[in-house]
Amino acid sequence: MLILESVHTYYGHIHALKGISLTVNEGEIVTLIGSNGAGKTTTLNTISGVLSARGGAIYLQDSGRNGRSRSAGGRHDSDGDIRLDRLPAHEIARLGVSQSPEGRKIFARLSVQENLAMGAFARTDHDSIRSDLDRVLKLFPRLQERLTQPGGTLSGGEQQMLAIGRALMSSPRILLLDEPSMGLAPILVQQIFQIIREINAQGTTILLVEQNAQAALQVANRGYVLETGNIVLSGAAQDLLADPQVAEAYLGI
Amino acid sequence: MTSSPVKAQAAGTDGRAAMKQFTRALGAAIVILVVWRVTTVGLAEGYPASFWISQALNGLVLGGVYALVALGYTLVYGILFMINFAHGEVMMIGGITGFFALQFAQARGWMEGPWPVVVVALLLIMFIGMAASVLIGVTLERLAYRPLRQAPRLVPLISAIGASLFLQYSVLLIFGVSPHSYRKPALISGGLRLGDVFIPYTGAIIFVISILLMLALYFIIQRTKLGRAMRAVAEDRSTASLMGVDVNAVIVVTFMLGSALAGAAGVMLGFHNTVVKFNSGFIPGLKAFTAAVLGGIGNIPGAMFGALILGLIEAIGPSALGIPTEYKDVIAFTLLVLILIFRPTGLFGEVLSEKRA
């Protein structure tokens, strides 16, 4: 569904992604693990168009699911795929690529309800927005109690739920989750990963970036290991969990 | 030797404490001076109550106009963190355009027609002024500010001052130095007399229209999808773009809204002051900026109340302090300096920081 081909991203002169290639298939949970500064967030922001790739290509396969309009400026190649790189961030979001960013990035002065409504900003199908809101509130009952509160008054865990809920409100074809477990109490971490499984079971493809490699690999189908801007290892999540190299570097065993 | 950094630090905190004491003393001195002037001079003049009421009403009218302009400053600051110092000129362009629209209407005799014709024509004149201001505001954003979006914050500020001068002197070149005088139609000349208090129709109309426009803006910002997107962009541009918000479009709309309000203010100020010329946006622009800072820049209700308070202070101040009315600008700008010294976040600053937390 999502294909990165040898993607290069720079911060000024700093070469942050040195030719990343990865694939996420429809219905999968794929995780991207690696230490701080390896380029995990950079990868997600390049896919989302917050950062622009200076080399390589990013494709979104055009399944035509959801009956979305694909005329939003997406350039189609011969396979009918849409090239995402060089599209502005808001158009990528409108194609169904939704990110829950690192550090949650809740709109602190907007109410919880308004934050969720921002997630559905590009949609006009009001009936399905309503049912997606119900679904999100069923997934995160805590948000239901806080609908009118400003987002900034929520606790860290609640903000994380709001960030994921907000991303889900766009009814994404693929959900990019950046460090959903960061800074959360262990019990909440478990809960968040449980919810990631649920979201995936309901049919959303997920690309998950995590420092908590153990937990990430346990929910994922496949994984990629990122080291200083390069993918050094990839494979089925079970195999990566069993890999002694991964165990030593990322699982703290 | 080892104790010297500690000493230096102590001296530093001493210095800061001394500075704080000094500003406090200065503040107290100013309050005492103002109270002394008001009680011994202003109130001793023995003006009747109707005089003060008239002045206060004048102040509210002026404050309403300032508020419309101040909202433009605060909206743009809220989203781009820049002061659009050409905003006063955006208002002036609205006033100049409104003048020509008025002349056109007068030449066709619409201003002497039955009252519905006059009302519709006046509204049209205001909309034409607003449209001209919107055009200028959006052009400014595109040509003078957007190319500098990634530059350090001082750079667009300088560009704004350049744009302000460019607009002033372009108007001077095209329309000349002599003021264009707005001729009020008979329908809105005169006014209401309530006892000893006289309320000119134009004043009442300006105040009502200002309030209506402010309510409309507040509705757009708080209750519409567009307004929600504006608030989201103001908080976090890149996260807003992740939600599918076209940030550039939102910035353009922000300029459009601010400029439309300024255009309306320009036309109404034309009717109020009866003249417009190339530099007639400059001082009101600075006043509106003062009002926005008074309320807390970036804060929308702050701009509204700051402007009304500034209008009142400017209208009542000279008589209350017993100084000539020509010095009302001195009062306004002294106030600006004092706010920047004593409360840089403005009157509504606390509310803002609370919401941010």
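If you're wondering where the values come from, they're calculated on a predicted model, not measured in any experiment. (Residues numbered from 1 in each chain as written. Chains lettered and ligands numbered in written order. Predicted model: local features only at pLDDT ≥ 70, side-chain atom pairs only at ≥ 80, totals over all residues.)

Enquirer: Summarise the overall build of chain B; cite the residues concerned and give the values.
Expert: For chain B, the helix and strand inventory stands at 13 helices and 4 strands. For 357 residues, the compact-globule formula gives about 21 Å, and the C-alpha radius of gyration of chain B, at 22 Å, lands near that figure. Taking the principal axes of its C-alpha atoms as reference, chain B extends roughly 90 × 60 × 40 Å. Taken across its 357 residues, chain B has 44% of its residues classed as buried. The contacts of chain B with a sequence gap of at least 6 include a subset with a gap of at least 24, amounting to 78%. (Helix = DSSP H or I, 4+ residues; strand = E, 2+ residues; numbered from the N terminus. Rg over C-alpha atoms; globule rule 2.2 N^0.38 Å. Buried ≥ 20, exposed ≤ 12 C-beta atoms within 10 Å, placed from the backbone. Contact = placed C-beta atoms within 7 Å.)

Enquirer: Give a description of the overall build of chain A that names residues and reports values.
Expert: A tally of helices and strands in chain A yields 10 helices and 11 strands. Its C-alpha atoms give chain A a radius of gyration of 18 Å, near enough to 18 Å, the size a compact globule of 253 residues would have. Taking the principal axes of its C-alpha atoms as reference, chain A extends roughly 45 × 45 × 35 Å. The proportion of buried residues among the 253 residues of chain A is 48%. Residue pairs in contact within chain A that sit at least 24 positions apart in sequence constitute 67% of those at least 6 positions apart.

Enquirer: Give a description of the interface of chain A and chain B that names residues and reports values.
Expert: Counting residues at the interface gives 22 residues for chain A, matched by 17 residues for chain B. Secondary structure elements with two or more residues in the side of chain A that touches chain B: α2 (89–94) and α3 (112–119) of chain A. Of the residues in the side of chain A that touches chain B, the class split is 12 nonpolar, 6 polar and 4 charged. (Nonpolar A, V, L, I, M, F, W, Y, C, P; charged D, E, K, R; others polar.)

Enquirer: Mind laying out the packing of helix α3 (residues 87–107) of chain B against helix α10 (residues 282–295) of chain B, listing which residues take part and the relevant values?
Expert: Residue and element names in this part refer to chain B. Between α3 and α10, the shortest axis-to-axis distance is 8 Å and the interhelical angle comes to 130°. With respect to α10, the axis of α3 lies oblique. The way α3 lies across α10 gives a crossing that is right-handed. Between α3 and α10, the residues in contact are His87, Gly88 and Met91 and Phe282, Pro284, Gly285 and Leu286, respectively. (Axes fitted to C-alpha atoms, helices over the stretch in contact; angles between N-to-C directions. Parallel < 35°, antiparallel > 145°, perpendicular 65-115°, else oblique. Left-handed = near helix turned anticlockwise from the far one by under 90°.)

Enquirer: Lay out the environment of Arg135 of chain A in plain terms, naming residues and giving numbers.
Expert: Tracing the backbone through its elements, the reader meets Arg135 of chain A in helix α4 (residues 126–139). The spacing of Arg135 of chain A and Leu168 of chain A is 33 residues in sequence and 9.3 Å in space, taken between C-alpha atoms.

Enquirer: I'd like a rundown of the sheet that holds strand β8 (residues 174–178) of chain A, residues and numbers included.
Expert: Residues and elements named next belong to chain A. With respect to topology, 6 strands assemble into an open sheet ordered β7-β8-β9-β3-β10-β11, the strand pairing being mixed. Of all strands in the sheet, those bounded by a partner on one side alone are β7 (97–100) and β11 (230–236). The sheet shows a mean angle of 15° between the axes of neighbouring strands, taken without regard to direction. Here strand β10 (residues 222–227) runs beside β11; their pairing, made up of 6 bridges, is antiparallel. Paired with Gly223 across the strands is Gly235, a residue of β11. Contacts from helix α6 (residues 156–168) reach β7 and β8 within the one sheet, and its direction differs from that of β7 by about 170°. (Pairing = 2+ DSSP bridges.)

Enquirer: Would you mind going over unusual backbone geometry in detail, with residue names and values included?
Expert: All names here are of chain A. A positive phi angle, close to 50°, is found at Ser6, a residue other than glycine. Secondary-structure assignment places Ser6 in strand β1 (residues 2–11). Phi angles above zero are rare outside glycine, and Arg104 is one such case at about 70°. When you line up the elements, Arg104 lands in the loop between β7 and α3.

Enquirer: If you had to explain helix α6 (residues 201–223) of chain B to someone new, which residues and values would you point to?
Expert: Residue and element names in this part refer to chain B. In a regular helix each residue adds 1.5 Å, so 23 residues correspond to 33 Å; α6 covers 32 Å between its end C-alpha atoms and thus fits that length. Taken together, the buried positions of α6 are occupied by Gly203, Ile206, Phe207, Ser210, Leu213, Met214, Leu217 and Ile221. Buried residues in α6 make contact with α2 (49–80), β3 (197–200), α7 (225–235), α9 (247–273) and α11 (300–321). (Expected span 1.5 Å × (residues − 1).)

Enquirer: Any details on the environment of Met268 of chain B? Residues and values, ideally.
Expert: All names here are of chain B. With respect to the helices, strands and loops of the structure, Met268 is situated in helix α9. For Met268, a count of 29 C-beta atoms within 10 Å translates into the label buried. A C-alpha to C-alpha distance of 9.5 Å links Met268 and Gly94, two positions 174 residues apart in sequence. If sequence neighbours within four positions are ignored, Met268 has contacts with Val65, Ile206 and Ile209.

Enquirer: I'd love a proper account of the environment of Gly63 of chain B, names of residues and values included.
Expert: For Gly63 of chain B, the location among the structural elements is in helix α2. Sequence-distant contacts of Gly63 of chain B, that is, excluding residues within four places in its chain, are made with Ala307, Leu308, Leu310, Gly311 and Leu312 of chain B.

Enquirer: Break down the pairing of strand β2 (residues 191–194) of chain B for me, citing the residues and quoting the values.
Expert: All names here are of chain B. Summarising the sheet, β2 and β3 pair through 4 bridges and their orientation is antiparallel. In the sheet register, Gly191 faces β3, and the bridge partner there is Pro200. Counted along the chain from β2 to the antiparallel partner β3, the turn is 2 residues long, and its residue Gly195 has a positive phi close to 65°.

Enquirer: Hey, could you go over the confidence of the model for chain B for me, with residue numbers and the actual values?
Expert: All names here are of chain B. The pLDDT averaged across chain B works out to 88; a share of 94% of its residues lies at or above 70. This model gives residues 351–357 a pLDDT under 50, and the stretch forms 11 contacts once residues within four places in sequence are excluded. As a predicted assembly, this complex carries a pTM of 0.88 together with an ipTM value of 0.89. (pLDDT = per-residue confidence, 0-100.)

Enquirer: Mind laying out the packing of α2 of chain B against α10 of chain B, listing which residues take part and the relevant values?
Expert: All names here are of chain B. Relative to each other, α2 and α10 sit at 70°, their axes nearing to 8 Å. It follows from the interaxial angle that α2 and α10 lie roughly perpendicular. Of the two possible hands of crossing, α2 and α10 adopt the one that is right-handed. Every residue of α10 that contacts α2 at Tyr66, Ala67, Val69, Ala70, Tyr73 and Thr74 is listed here: Pro284, Gly285, Lys287, Ala288, Phe289, Ala291 and Ala292.

Enquirer: I'd like a description of the confidence of the model for chain A, backed by residues and values.
Expert: The pLDDT averaged across chain A works out to 89; a share of 92% of its residues lies at or above 70. The low-confidence segment residues 65–74 of chain A, where pLDDT is below 50, has 15 contacts with residues more than four positions distant or belonging to other chains.

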